[in-house]
Amino acid sequence: MIDTSMVSQAVPDREQELSFLAQSAQTALDYANSLGAESSEVSASVHFGLDVNVRKGEVETLEHSRDRGLGISVFLGNSKGHATSGDLRPATIRKCVEKAIDIARFTQADKCNGLAPVDRLATRFPDLDLWHPQALDAELTTQRALACEAAGLANPKISNSDGASASSSFGLSVYANSNGFVGRRDGTRYGQSCVLIAGQGESMQRDYWYDSRRAFSDLESAENTGHEAARRTVNRLGARNVPTCEVPVLFAPEVARGLVGHLISAISGGSLYRKATFLQDSQGQQLFPDWVTIAERPFIPRGPASTAFDAEGVATADRDIIRDGVLTGYVLDSYSARRLGLKTTGNAGGVHNLLVTPGQYSAQELMEQMGTGLLVTEVMGQGVSIVTGDYSRGAGGFWIENGEIQFPVDEVTIAGNLKDMFMRIEAAGNDIDHRGSIQSGSILMGKLTVAGS
């Protein structure tokens, strides 16, 4: 076993680190200005992390990281140059700026390049309760990973382990630009996972479970994660195929959020200005049943993607992307907004806590409402076209009859078109998965093609 006794690190001094990052960013901005840049922007960050992976009671890897980095974009007229550095010494920062200037000199001008509009920059920075540090203790982290795996292996039907892990990370960053904006961010993240195997020979099944939170105290116990991984794995034993059919499909929360992710890809600026989306010119259109709302809520305390400003310093805001089933707006950064003749929505870098309308039904009640159909707990493959909306993915889960699970299913394909699928949503569950930036309960959808034997 790896000796973990010497691998630990105290909590970083948040204010000291942020001040250093802000100073580094200002050094880059000042030097870019002296070299003739008309405008510039800098992102500087530091990350502290500890990851432990174990398998069958032994430590396989222990990784302790501390990374710093800086990226600068400079604009010479409408030409942009970008360079990065993992060394924040002043001399190295200056070399990085010089590289960005050199790149800008040889880059084709694009009238849509430039900083975010000054009047859209954030001026309010509420405490979002994202900073919950504790010492990165390798021994305690290792014991947590081992406890997680041991809990899963305690199930007599589990035959092997593909490993368990536990991790802690702290992130601090500063974004600054030549318009005088300086924004500071911090955040912590703790997680654990377990992957187990049940059965023997050709009848083996694998499944997993995990948890991830901003605060360590919010994590479920390591034993709960291991037990849930074992339960899910054992429940897959005896999985079989089903004949090709058209039946209602119930997407479990961890799969349902992927459907929302496809929506966001289709209404993001890059897809829109390239005309590479099945939702081109869809603002104001009914895309979902009128009871569906998908809200962006950037200010949720301890939220997985909470932030007061985006990657360009633009203020974030609460909004309903889908309201009463209607698409109210796109997901844009400054560049894509200019390409489309619109305004940035504060989504440079992605979306910030998407919440799908929680339904009034439990997962069991949704199965009863479905009657006969497929409960999907896993999808695989890349068979989704944002250009056409065509959806075809391998899936696994459970066959439902009379509202009750009959047997596990694997090696089937579910197929449809996302535009039709969105409108076929019949109900949503109250079993919200809060672990990711897209939070949804189970989603019950009308008939889809299930291709099996």
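**Some remarks on the overall build of the protein**
Here's step 1: Helix and strand counts for the protein come out as nine helices and 19 strands.
Here's step 2: For a compact globule of 453 residues, the expected C-alpha radius of gyration is about 22 Å, and the protein comes in at 24 Å, within 12% of that figure.
Here's step 3: Expressed along its principal axes, the backbone C-alpha trace of the protein runs to roughly 70 × 60 × 35 Å.
Here's step 4: Scored against the burial criterion, the 453 residues of the protein give a buried share of 51%.
Here's step 5: Taking all contacts inside the protein whose residues are at least 6 apart in sequence as the whole, residues at least 24 apart take part in 72%.
Here's step 6: Total accessible area computed for the protein in this model is approximately 19900 Å², and 48% of it derives from carbon and sulfur atoms.
Here's step 7: Positive and negative side-chain charges of the protein, numbering 41 and 54 respectively, have mean locations separated by a distance of 6 Å.

**Looking at the nonpolar core**
Soluble globular proteins tend to pack their nonpolar side chains together in the buried interior.
Here's step 1: In terms of nonpolar packing, the biggest core is built from 51 residues, with Leu70, Ile72 and Val74 touching the most fellow members.
Here's step 2: Elements with a minimum of two residues in this core: α1 (14-34), β2 (39-55), β3 (58-76), α2 (90-105), α3 (138-153), β6 (158-177), β7 (182-198) and α4 (222-235).
Here's step 3: Filtering out sequence-adjacent residues up to four positions away, Val74 remains in contact with Ala32, Ala37, Ser39, Ser40, Ser79, Lys80, Gly81, Ala100, Ile101 and Ala104.
Here's step 4: Counting 49 residues, the second largest nonpolar core, distinct from the first, contains Leu263, Ala337, Leu374 and Leu418.

**Here we look at α3**
Here's step 1: Compared with an ideal rise of 1.5 Å per residue, which puts 16 residues at 22 Å, α3 spans 22 Å between its outermost C-alpha atoms and is within 8% of the ideal.
Here's step 2: Regarding α3, the residues found buried are Ala138, Thr141, Thr142, Ala145, Leu146, Cys148, Glu149, Ala151 and Gly152.
Here's step 3: Packed against the buried residues of α3 are β2, β3, β5 (136-137), β6, β7 and α4.
Here's step 4: Two or three places before Glu139, at the start of α3, stands the capping residue Asp137, its side-chain oxygen 2.9 Å from that residue's backbone nitrogen.

**Some remarks on the sheet that holds β7**
Here's step 1: The sheet built from six strands is open, its strands ordered β4-β3-β2-β6-β7-β8 with antiparallel pairing. Edge strands, defined here as strands with exactly one partner in the open sheet, are β4 (79-85) and β8 (205-213). When strand polarity is set aside, the average angle formed by the axes of neighbouring strands in this sheet is 20°.
Here's step 2: Direction of pairing for β2 relative to β3: antiparallel, over a ladder of 17 bridges. Bridge assignment links Asp51 to a residue of β3, and that residue is Glu63.
Here's step 3: On the sheet, α2 packs against β3 and β4 and is oriented at approximately 150° with respect to β4.
Here's step 4: Those strands touched by α3 are β2, β3, β6 and β7, and its axis lies near 140° from that of β6.

**What to know about the packing of α3 against α4**
Here's step 1: Across the interface, α3 lies against α4 with an axial gap of 7 Å and an inter-helix angle of 35°. The element α3 and its partner α4 pack so that their crossing is right-handed. Counted together, Arg144, Ala147, Cys148, Ala151 and Gly152 of α3 and Ala222, Glu223, Thr225, Gly226, His227 and Ala230 of α4 form the full contact between these two elements.
Here's step 2: Considered class by class, the residues forming the contact of α3 with α4 number five nonpolar, four polar and two charged.

**Thoughts on the sheet that holds strand β10 (residues 294-296)**
Here's step 1: Taken in spatial order, the five strands of this open sheet run β12-β11-β10-β13-β18, and their pairing is mixed. Here the strands that pair on one side only, and so sit at the sheet edges, are β12 (326-327) and β18 (438-439).
Here's step 2: The pairing of β10 with strand β11 (residues 319-323) spans three bridges and is antiparallel. Its bridge partner being in β11, Ala295 is matched across the sheet by Asp320.

**With respect to the packing of aromatic side chains**
Here's step 1: In this structure the tally under the stated criterion is 10 aromatic pairs.
Here's step 2: For the ring pair Phe181 and Phe309, a centre distance of 5.5 Å and an interplane angle of 75° mean the geometry is edge-to-face. In this pair, Phe181 sits in the loop between β6 and β7 while Phe309 sits in the loop between β10 and β11, placing the two residues 128 residues apart along the sequence. Accessibility classification places Phe181 together with Phe309 in one group, the buried group.
Here's step 3: Their ring planes at 20° and their centres at 4.7 Å tell us that Phe288 and Phe422 sit as a pair that is stacked. With Phe288 in the loop between α6 (269-273) and β10 and Phe422 in helix α9 (residues 418-423), this residue pair connects regions lying 134 residues apart in the sequence.

Rules used in this analysis
Residues numbered from 1 in each chain as written. Predicted model: local features only at pLDDT ≥ 70, side-chain atom pairs only at ≥ 80, totals over all residues. Heavy atoms only, no water. Helix = DSSP H or I, 4+ residues; strand = E, 2+ residues; numbered from the N terminus. Rg over C-alpha atoms; globule rule 2.2 N^0.38 Å. Buried < 20%, exposed > 50% of the residue type's maximum accessible area, 1.4 Å probe, protein only. Contact = heavy atoms within 4.5 Å. Areas by Shrake-Rupley, 256 points an atom, 1.4 Å probe, with all protein chains shown as cover. Lys, Arg positive; Asp, Glu negative; His and termini not counted. Charge placed at Lys NZ, Arg CZ, Asp CG, Glu CD. Core = buried A, V, L, I, M, F, W, Y, C linked by side-chain atoms within 4.5 Å. Expected span 1.5 Å × (residues − 1). Polar contact = N/O pair within 3.5 Å; in protein donor to acceptor, adjacent residues only side chain to side chain. Pairing = 2+ DSSP bridges. Axes fitted to C-alpha atoms, helices over the stretch in contact; angles between N-to-C directions. Left-handed = near helix turned anticlockwise from the far one by under 90°. Nonpolar A, V, L, I, M, F, W, Y, C, P; charged D, E, K, R; others polar. Phe/Tyr/Trp six-rings, centres within 6.5 Å; stacked < 30°, edge-to-face > 60°.

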